[in-house]
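Inside the fold
Letter by letter, the chains look like this.
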4 protein chains.
Amino acid sequence: MGAALCGVGANEVFLSSFLSFLALAASYTDSSDDEVSPREKQQTNSKGSSNFCVKNIKQAEFGRREIEIAEQDMSALISLRKRAQGEKPLAGAKIVGCTHITAQTAVLIETLCALGAQCRWSACNIYSTQNEVAAALAEAGVAVFAWKGESEDDFWWCIDRCVNMDGWQANMILDDGGDLTHWVYKKYPNVFKKIRGIVEESVTGVHRLYQLSKAGKLCVPAMNVNDSVTKQKFDNLYCCRESILDGLKRTTDVMFGGKQVVVCGYGEVGKGCCAALKALGAIVYITEIDPICALQACMDGFRVVKLNEVIRQVDVVITCTGNKNVVTREHLDRMKNSCIVCNMGHSNTEIDVTSLRTPELTWERVRSQVDHVIWPDGKRVVLLAEGRLLNLSCSTVPTFVLSITATTQALALIELYNAPEGRYKQDVYLLPKKMDEYVASLHLPSFDAHLTELTDDQAKYLGLNKNGPFKPNYYR
Amino acid sequence: MGAALCGVGANEVFLSSFLSFLALAASYTDSSDDEVSPREKQQTNSKGSSNFCVKNIKQAEFGRREIEIAEQDMSALISLRKRAQGEKPLAGAKIVGCTHITAQTAVLIETLCALGAQCRWSACNIYSTQNEVAAALAEAGVAVFAWKGESEDDFWWCIDRCVNMDGWQANMILDDGGDLTHWVYKKYPNVFKKIRGIVEESVTGVHRLYQLSKAGKLCVPAMNVNDSVTKQKFDNLYCCRESILDGLKRTTDVMFGGKQVVVCGYGEVGKGCCAALKALGAIVYITEIDPICALQACMDGFRVVKLNEVIRQVDVVITCTGNKNVVTREHLDRMKNSCIVCNMGHSNTEIDVTSLRTPELTWERVRSQVDHVIWPDGKRVVLLAEGRLLNLSCSTVPTFVLSITATTQALALIELYNAPEGRYKQDVYLLPKKMDEYVASLHLPSFDAHLTELTDDQAKYLGLNKNGPFKPNYYR
Amino acid sequence: MGAALCGVGANEVFLSSFLSFLALAASYTDSSDDEVSPREKQQTNSKGSSNFCVKNIKQAEFGRREIEIAEQDMSALISLRKRAQGEKPLAGAKIVGCTHITAQTAVLIETLCALGAQCRWSACNIYSTQNEVAAALAEAGVAVFAWKGESEDDFWWCIDRCVNMDGWQANMILDDGGDLTHWVYKKYPNVFKKIRGIVEESVTGVHRLYQLSKAGKLCVPAMNVNDSVTKQKFDNLYCCRESILDGLKRTTDVMFGGKQVVVCGYGEVGKGCCAALKALGAIVYITEIDPICALQACMDGFRVVKLNEVIRQVDVVITCTGNKNVVTREHLDRMKNSCIVCNMGHSNTEIDVTSLRTPELTWERVRSQVDHVIWPDGKRVVLLAEGRLLNLSCSTVPTFVLSITATTQALALIELYNAPEGRYKQDVYLLPKKMDEYVASLHLPSFDAHLTELTDDQAKYLGLNKNGPFKPNYYR
Amino acid sequence: MGAALCGVGANEVFLSSFLSFLALAASYTDSSDDEVSPREKQQTNSKGSSNFCVKNIKQAEFGRREIEIAEQDMSALISLRKRAQGEKPLAGAKIVGCTHITAQTAVLIETLCALGAQCRWSACNIYSTQNEVAAALAEAGVAVFAWKGESEDDFWWCIDRCVNMDGWQANMILDDGGDLTHWVYKKYPNVFKKIRGIVEESVTGVHRLYQLSKAGKLCVPAMNVNDSVTKQKFDNLYCCRESILDGLKRTTDVMFGGKQVVVCGYGEVGKGCCAALKALGAIVYITEIDPICALQACMDGFRVVKLNEVIRQVDVVITCTGNKNVVTREHLDRMKNSCIVCNMGHSNTEIDVTSLRTPELTWERVRSQVDHVIWPDGKRVVLLAEGRLLNLSCSTVPTFVLSITATTQALALIELYNAPEGRYKQDVYLLPKKMDEYVASLHLPSFDAHLTELTDDQAKYLGLNKNGPFKPNYYR
């Protein structure tokens, strides 16, 4: 632990650590930094290179420790490094990347390098960069351009610095949100044409790729890793099962036992939330528009109601629909005092927060991410993260979940880079089931889980290859 | 309750009732019946018709009561009758059917009649017919040809009697297993050509249809209702969650608390079994060949092992793989005394029962469906249903589950019969998601579940029709 | 039951086996027996003794097999036999017993004999004797006087034959219900005075002992084994968790998923029922009079309501209160069609069944233990076991639970018989915690459970003996 | 903590809020306070009184808001205020108190005042005082002497200032730990003699009272509220079920799904931990010394093992035994890399932390309350809270749980103060069951739970008073 921290005290480290994914969290070393923009600083790493732009290269040691801790929970990537290191499947790959820059993505980036790739990286979010981690990457020789608190202009400058380099031309893109892809497509059409493959993680980025493809303008193959089975299950069902309790506890210290909760939407996210809440003694109601999900909710032991039927009695309202205005001002008006309202869905439109910004209501910020909205009669509604995603704002995402995403990204890059010509056209693809299964298998050792192998006889009986894929392509 | 039953006593009724689906169960009225084959009897119903062939038309009243009891749990079909009765969507439909003949299918058949169809029916299994129900159908005017204990020759004779009738030509087929379809295809090619649609429920029947289609010989559209989402969830996950406990208790009276159980296979069937067993205090281990399912098992709190690792210590072994020889003689040799072995999968090949039929092992039948297989050293393995499906052999299937299947069949018939020309070609189709959702919605009132409706605004935001379908076609 | 069933074989055994505890169940061999009273028969066992009175000594072999099967799940008693066989702690004990006579009690009786006791036994219930088991005991030399279907006169005659024998005087009593104790007390006061100890299992019997004690008429020490911790937990919480599902399924084939259930009473019995029902997907409501139990229900995730609030909407009503008229005619009038009503409590007074025996309601017996009570408007309420205990009437009690009771009884007899003079006065005692713990420890090997031993240092720190007792005497 | 953070605001509040119970947490206003000891300051509240000693009276407004937030979850106390306000049952009571000084105890203190008492208060822990809350109490006129970070000398000075005041003599004591009681007993024997009752909450304090009583030196009645049923259930089973997940997540962000966990001890604390962990998908093993608890663990679906059997494979070790050296250096040596070790039991002796303070092991503090202990081969064990209680150190205690404790304390004070002479002697008493039930009933409205009332007839049948107590005194 560095000298700077001794004076600051352990609590602050703690705070920062569990807020590391928060857009608004202050980095634990900000306070000791000067206010000069990184773009104006002259920094070199210990090997003399200045092919990067980070907040403070001196934080590298601390960032390295964070990366090492992350590596312990990302053994799938480490194991991938070992298995593929001999053959260097990414030798010759020149990857530009644009993702959150955290300890976990650092493990991904360094894995890509270990497999032979050259990487240049920027951040997909102006707040989410862990400056120490960026410093550690820069120290290790990665060309990283990112810091916490970039301006809009900084943001595009960093992206451009990744792409625009004399004597180096990217041939692969790893993107989260589509901004990098869009920049290359618009500003460097000649580079774009020669890209061998794009790997995109986010819903938004995937949507943009499909639009490009529909418009006939996607001239390179792209891999939609967002919809791989393994990633989906972890990002939705399991991750929400873990994070809903954590997000509520950290913000409100609410006791779950006996609480009446309504969960809007019983898709995978809703299923995860409900399972955890029921298990801890909450009484859960569901709203649904889709009869198939509604029937599942019934069979799983939840009453399916319209929101109006229970809105006066519930203690907590959670939205998981992907829809908009699911919780309206009318609903908010009818909630009882101290009712907690939050969003676990895919957008920040589910709760009509805008309708609460009216003169007769008073907002009181009681903690980070926690507002009391106060009605004229004194009734308070407890709004979390201003209606944005609770689990991103107010809880942590387990490293293990991030490991699955990162491994999926790495395999998608390897697949696209090494695929024989003609396997992938100018279109958007899902990860082949066999690779999806391979991602899963790389994570089994963490659980000390032992797979059974088919005998030849059994494989023949089932009409399957002994090594998979075991799922049909339409499985999800 | 008929006079015959008074002397027999309530227990026998009880026994028969819960064994009604057993292939080997003796009907509760067998004992009082003569031994004359129904084919040689002259019977007429109260309206003077003799257009049927059943065991004993006099049992109609008792069968009617069974049908009425079933109707109470099949309100979806009753509600379908009411909604569609005005328009008679099956007017003109001439349906030949071949299914189990039970109180529940009787509700289906009478629904089809109420919607305008003419029906002729036979049994898809020589043992499963409830004679009283067949009598009640015959009394109500349905041309039914079926009794419990048919010979192979009887079986085909009954099917033929349904198809081959002067002045009546079938235009729809409802099949369970494909035997009827095959018979029409082979024996009455001219009838087959003019069929407007085939609805098939079973895995086997569907497989045969796909083969026919591949061979280019399927000249009519067919609907695979086996793979509809709603039916799949109920037949597998939920139904197994209900029936695994019941099947084990009724056969062995085993206490679940603290029992060590290994479940082979963590697909939907395995997931249902594991959820129920864990909930009742069993300690459950999983074996899997597929890393994605294995990872789900881990996250759901089960240790994933190879069968050999736990075979010496477990109290119960349950197969749910669809595979063959999952439990081998070697495994059976290593089990501890009193270990229970049973199969919940899709075939009767999962346990290598044949390997147990060797001279050194003694078989002792201790109850119906329960054999003790005794090793020379006195060790006993408790084998249930000789390795056939436990939930079909040793527990009941809830009427509600059968209601979902029957409603799906009815809707598939309506869809195929009324589809505009060209919507369905000479191929095998899945039930459109919208109808799948409709089946689900018809079952929600049983749970007093209230669906939420999208506003126009929300529907537009989501890009959905307000009335569904809400699921993409590839959803499962 | 007619001759025809002889040919059916296995099913009949199955039926009988799981009904073995039913007061009303017909024995599976009744049908082949003649109608001569056992009291008028001359029977001798293979060793020439006729010191017993059973239905048919020839059934001994079949009964022996049932006992052997029971032994497999009662390893605690078998282990007790082995541990204590050398010292014969019951040498000289002359025990008269009056309990249900089943395979499980036979294992107890033969354990007592193996430990040195001489036993004479009668049945505590005129219907519950398993004739084959009684025959097997008689064949093995136990003086047993019991058969299924005794008259009232037979009942007391059997008890008397146990006590009244020339040259043999009982010095220990094992009773279940207090009838034997009362008979000895009244008819053989001289014998009573010399009894060294009474062991009583039932609530009723214990109540009678306390009354005798209060009245100053209990001149011998008695052990209340009903209230031992281990037995209580198993008889209530765990046993009900196992049997509620079983009892409902066997009688009604109800699907649990999504069912709305109200459980009256949240004591140990209610807790067991609720845990199982919730786990299988039912939505459970609780009624309670006691705020402490009500608060527990809240924290465990159940809504606490008054019965009237939910009576119109629930699918199942279960009483677990020990109270009377918890479900009144008024409640019954308001239930919806097909509502199932049953009792898991300690008495048969919880549901006001008497109020249903009025002319305007029709009763229809649809299965053994299942009545439809039909209102003038056609509404049916499904009443199970006529309001008597569901788990005794309609499900089986796992042998393991009976093993705990039997082991507790055996240890209580050993303790009372061997206690130094003065340890027990003329009073009613609870089993010492140390012996309670010993019963528990004898059952751990079934689960392959491994206890940790305190180090000397830890024992000192906790102020405990390393071998227990670990619980204070007031623990329950 | 640097100046930069002053501008951050909300995060710091958040941090402080959830750490409010931490002994080591720095108060959020510490940094801006001067270093003058409160004892040397001259402060007066807005009414001109200076009958208190707190850190900074100016923080009163902020503290008031914290109290108001706490009131929302302590409706039982508020309701008690309303019900008893008319009669002022504590009129004339002069209470000296020594407890943690937090928003929740402030609600208790102000309730006592509202019921007529005069209160003087100090802190039972030198670190746990919320300075703002103390200020708010002082501002409201309570004579409070407490601040965060008292020295040992300060601690006793504060206590003395409560007791020793001219013209005011305490007649009731509310204590948490026994320090205040001891001080009065030793220093002011004349005051002690005239005390009408002592209410003591902690295990330690109760132990000291029993010792005093045994020694014949307890000349006043005392109430042990620690062992009331309601409090026990909430402090142990339910509170631990809530806090184990929270404590682990906040310190380590661990994912629960699939984790192998061993819980040492299956008492109420262990049961609570295990229920939560199993529900979230962990695989849980139990160690036990007591066969009754071990048997419960088996029936609840946990494998009972010796610690050595699983120590190499588990991911988390949790102690809940109340014992010492349950986790030894030998166990720690054998744990796998990254294993998390923590204590939820009643003491800080369960893990042999001392054995880890040896030269060959490196300690690295990675977050507040989180140490990595590093073996020479690089293996890290993650030790939480240095082996002290995890839920006190690293998670929050729900206000609802504290409400139950506070209500129990208030009722105990009322009971002792108003009891007719002779009801309580110079001894230590448990809270009467009726009052225990009353505490529970006051908390039911939070859950919208509706108690059922016995009819006269039912009360008679059960031999109970309609208003309780419903539990026997020995119930726990």
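Computed from a prediction, not measured in an experiment: that's the story for all the values here.

Quick look at the overall build of chain A
In terms of regular secondary structure, chain A is built from 19 helices and 15 strands. Computed over its C-alpha atoms, the radius of gyration of chain A comes to 24 Å, within 12% of the 23 Å expected for a compact globule of 476 residues. Considering only C-alpha atoms, chain A reaches an extent of 70 × 65 × 45 Å along its principal axes. Burial status across chain A gives 64% buried among its 476 residues. When the accessible surface of chain A is totalled, it reaches about 17000 Å², and 50% of it is carbon and sulfur. When the 52 positive and 55 negative side-chain charges of chain A are each reduced to one mean point, those points stand 4 Å apart.

What about the packing of aromatic side chains?
On inspection of all chains with the given rule, the structure shows 36 aromatic pairs over all chains. Each ring, one from phenylalanine 400 of chain B and one from phenylalanine 447 of chain B, has its centre 5.2 Å from the other, and the planes form 70 degrees; the classification is edge-to-face. Of this pair, phenylalanine 400 of chain B sits in helix H17 (residues 399-418) while phenylalanine 447 of chain B sits in the loop between helix H18 (433-443) and helix H19 (456-462); the two residues are 47 residues apart in sequence, bridging distant segments of the chain. Taken individually, phenylalanine 400 of chain B and phenylalanine 447 of chain B each receive the classification buried, so the pair is uniform in this respect. Joined through ring pairs, the aromatic side chains of Phe234, Tyr238, Phe400 and Phe447 of chain A make up one cluster. One Lys or Arg, arginine 196 of chain B, reaches over the ring of tyrosine 417 of chain B and ends 4.2 Å from the middle of that ring. A cation over a ring is seen here: lysine 379 of chain B above tryptophan 375 of chain B, with NZ or CZ 4.2 Å from the ring centre.

Considerations on the relation of the copies chain B and chain A
At an RMSD of 0.1 Å, chain B and chain A line up after a rotation of 180 degrees and a shift of 0.0 Å along the axis. This pairing of chains is accounted for by a two-fold axis. Interface residue correspondence from chain B to chain A reaches 100%, placing this contact among same-surface, isologous pairings.

As for the UniProt feature "binding site: substrate" (unreviewed entry) in chain A
All names here are of chain A. The feature "binding site: substrate" (unreviewed entry), as annotated in UniProt, sits at Thr102, Asp176, Glu201, Lys231 and Asp235 in this numbering. Residue threonine 102 is classed as buried on the basis of its relative accessible area of 2%. On the secondary structure map, lysine 231 appears in helix H11 (residues 229-252). On the basis of relative accessible area, lysine 231 is assigned to the buried category, the value being 1%. For lysine 231, the residues in contact, after removing those within four places along its chain, are Glu201, Val225, Asn226, Ile404 and Thr405.

Some thoughts on the sheet that holds strand E14 (residues 380-384) of chain B
Residue and element names in this part refer to chain B. Taken in spatial order, the 8 strands of this open sheet run E9-E8-E7-E10-E11-E14-E13-E12, and their pairing is mixed. Edge positions in the open sheet fall to strand E9 (303-304) and strand E12 (362-367), since each of these has one partner strand only. Across 2 bridges, the pairing between strand E8 (residues 283-287) and E9 is parallel. Bridge pairing in E9 links isoleucine 286 to valine 304.

With respect to the interface of chain B and chain A
Often, the extent of an interface is quoted as the loss of accessible area on bringing the components together. Taken together, the contacts link 54 residues of chain B with 54 residues of chain A. Both sides together, the interface formed by chain B and chain A hides about 5200 Å², and carbon and sulfur atoms give 62% of it. Across the pair arginine 241 of chain A and aspartate 300 of chain B runs a salt bridge whose closest N-O atoms are separated by 3.9 Å. Across the chain B-chain A interface, the total number found is 22 residue pairs in polar contact (both at pLDDT 80 or more).

Observations concerning the relation of the copies chain B and chain D
Superposition of chain B onto chain D requires a rotation of 180 degrees combined with a translation of 0.0 Å along the rotation axis, giving an RMSD of 0.1 Å. An overlap of 100% is found between the interface residues of chain B and their copies at the interface of chain D, pointing to a shared contact surface.

Concerning the environment of threonine 287 of chain C
As for its placement among the helices and strands, threonine 287 of chain C is situated in strand E8 (residues 283-287). In contact with threonine 287 of chain C, other than residues within four places in its own chain, are Val262, Val263, Cys264, Gly265, Tyr266, Val305, Lys306 and Leu307 of chain C together with Thr452 of chain D.

A word on the sheet that holds strand E2 (residues 118-123) of chain A
Residue and element names in this part refer to chain A. Pairing within the open sheet is parallel, and its 7 strands lie in the order E3-E2-E1-E4-E5-E6-E15. Each edge of the sheet is formed by a strand with only one pairing partner; in this case those strands are strand E3 (143-145) and strand E15 (428-430). Each adjacent strand pair in this sheet contributes to an overall mean axis angle of 20 degrees, direction not counted. With 3 bridges connecting them, strand E6 (residues 222-224) and E15 associate as parallel partners. When the bridges of E15 are listed, alanine 222 appears paired with valine 428. Its contacts with the sheet put helix H5 (residues 103-114) on strand E1 (94-99), E2 and strand E4 (172-175), and the angle it makes with E2 is roughly 160 degrees. Its contacts with the sheet place helix H8 (residues 179-187) against E1, E4 and strand E5 (197-200), and it is angled at close to 140 degrees to E4.

Brief notes about the pattern of salt bridges
Residue and element names in this part refer to chain A. Inspection of the entire model under this criterion finds 105 salt bridges over all chains. With its nearest N and O atoms 3.2 Å apart, the salt bridge here joins arginine 365 to glutamate 386. Residue arginine 365 is located in strand E12 (residues 362-367), and its partner glutamate 386 is located in the loop between strand E14 (380-384) and helix H16 (390-394); the two are separated by 21 residues in the primary sequence. By relative accessible area, arginine 365 is classed as partly exposed at 37%. In this structure glutamate 386 comes out as partly exposed when scored by relative accessible area, which is 25%. Within this structure, Arg357, Arg365, Asp371, Glu386 and Arg388 form a network of salt bridges that share partners.

Thoughts on the interface of chain B and chain D
With 16 residues of chain B at the interface, the matching set in chain D holds 16 residues. When chain B packs against chain D, the two sides together hide about 1000 Å² of surface, and 61% of this comes from carbon and sulfur. At the junction of chain B and chain D, the tally comes to 0 salt bridges. Counting the contacts that link chain B with chain D gives 2 residue pairs in polar contact (both at pLDDT 80 or more). Elements with a contribution of two residues or more to the side of chain B that touches chain D: E8 and helix H13 (291-299) of chain B.

Reading the values: the criteria
Residues numbered from 1 in each chain as written. Chains lettered and ligands numbered in written order. Predicted model: local features only at pLDDT ≥ 70, side-chain atom pairs only at ≥ 80, totals over all residues. Heavy atoms only, no water. Helix = DSSP H or I, 4+ residues; strand = E, 2+ residues; numbered from the N terminus. Rg over C-alpha atoms; globule rule 2.2 N^0.38 Å. Buried < 20%, exposed > 50% of the residue type's maximum accessible area, 1.4 Å probe, protein only. Areas by Shrake-Rupley, 256 points an atom, 1.4 Å probe, with all protein chains shown as cover. Lys, Arg positive; Asp, Glu negative; His and termini not counted. Charge placed at Lys NZ, Arg CZ, Asp CG, Glu CD. Phe/Tyr/Trp six-rings, centres within 6.5 Å; stacked < 30°, edge-to-face > 60°. Lys NZ or Arg CZ within 6 Å of the ring centre and 35° of its normal. Least-squares fit on C-alpha atoms with pLDDT ≥ 70 in both. Contact = heavy atoms within 4.5 Å. UniProt positions renumbered as here; feature names shortened; annotations may be inferred. Pairing = 2+ DSSP bridges. Buried area = accessible area lost by both parts, 1.4 Å probe. Salt bridge = Lys/Arg side-chain N within 4 Å of Asp/Glu carboxyl O. Polar contact = N/O pair within 3.5 Å; in protein donor to acceptor, adjacent residues only side chain to side chain. Axes fitted to C-alpha atoms, helices over the stretch in contact; angles between N-to-C directions.

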